[in-house]
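Chain and residue survey
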Amino acid sequence: MANRPPPRFVPTLTEVVQSGPVPLAPTQTVSPDQLAQRVLQRVDLALDRRLREEIATLVLEQTSALVPLLRERLESVVREVVADALADEMQARQRGGGSNV
């Protein structure tokens, strides 16, 4: 491979490369409308991300808080259904019409 210099657009290890949007050049003029539009776009993106994070955290917290209540109610319903089924079976046997399920 021939020893040739890299293209001009490839940064070398001694250059600092900035991430994110390129700042405006000091000589470039921006109208107030353009500035407002850029700021609103940044706010919109930041709010979208932050709201998603907060909603996810809130849903997780609420779900965790509901687990004991759901467990308690489910246990109550299961006990009631089993007790009713057992009472029905006992009544059926007393009447002599016990069915084999």
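Going by the structure above, here's the rest.
Residues numbered from 1 in each chain as written. Predicted model: local features only at pLDDT ≥ 70, side-chain atom pairs only at ≥ 80, totals over all residues. Heavy atoms only, no water.

**A look at the overall build of the chain**
Applicable threshold: Put simply, DSSP H or I for four residues or longer makes a helix, DSSP E for two residues or longer makes a strand, and each gets a number counted from the N terminus. Only protein chains enter the area calculation, which uses a 1.4 Å probe; residues under 20% of their type maximum are buried, those over 50% are exposed, and those in between are partly exposed. For every accessible area listed, the method is Shrake-Rupley and the probe measures 1.4 Å; residues are considered covered only by the protein chains on display.
Each helix and strand counted, the chain has one helix and zero strands in total. Scored against the burial criterion, the 101 residues of the chain give a buried share of 1%. Counting only carbon and sulfur atoms, one obtains 60% of the accessible surface of the chain, whose full area is about 10,200 Å².

**Structural notes on the pattern of salt bridges**
To keep things clear, this is the line we draw: Criterion for a salt bridge: a side-chain nitrogen of Lys or Arg within 4 Å of a carboxyl oxygen of Asp or Glu.
In total, this model carries four salt bridges according to the counting rule given. Of the charged contacts in the structure, one is a salt bridge between R52 and D48, with a shortest N-O distance of 3.2 Å. On the criterion of helical spacing, the pair formed by R52 and D48 is a turn pair, its members being four residues apart in helix α1 (residues 32–94). In this structure R52 comes out as exposed when scored by relative accessible area, which is 57%. Exposure remark for D48: the relative accessible area of 39% places this residue in the partly exposed category. For R49, the salt bridge is made with E53, and the minimal N-O distance between the two is 3.3 Å. Taken together, the residues R49 and E53, both in helix α1 and four residues apart, mark about one turn of the helix. E53 sits in the partly exposed class, given a relative accessible area of 39%.

**Observations concerning a nonpolar patch on the surface**
The cut-off we apply is this: Like charges within 9 Å and nonpolar side chains (Val, Leu, Ile, Met, Phe, Trp, Tyr) within 5 Å are joined into patches, using only residues over 30% in relative accessible area that form no salt bridge.
The grouping of L35, V39, V43, L47, L51, I55 and V59 at the surface amounts to a nonpolar patch, some 620 Å² of accessible area in total. Structurally, V59 is set in helix α1.

**Quick word on α1**
Put simply, the rule reads: By this rule the span expected of a helix is its residue count minus one, scaled by 1.5 Å. Axes are fitted to the seven residues ending at a residue and to the seven starting at it; the angle between these axes is taken as the bend at that residue.
Taking 1.5 Å of rise per residue, the 63 residues of α1 would be expected to cover 93 Å, and the 89 Å separating its terminal C-alpha atoms lies within 8% of that figure. The sharpest bend along α1 comes to roughly 30°, located at V67, with the proline P68 sitting one to four residues further on. Backbone geometry just after α1 places G96 at a positive phi near 85°.

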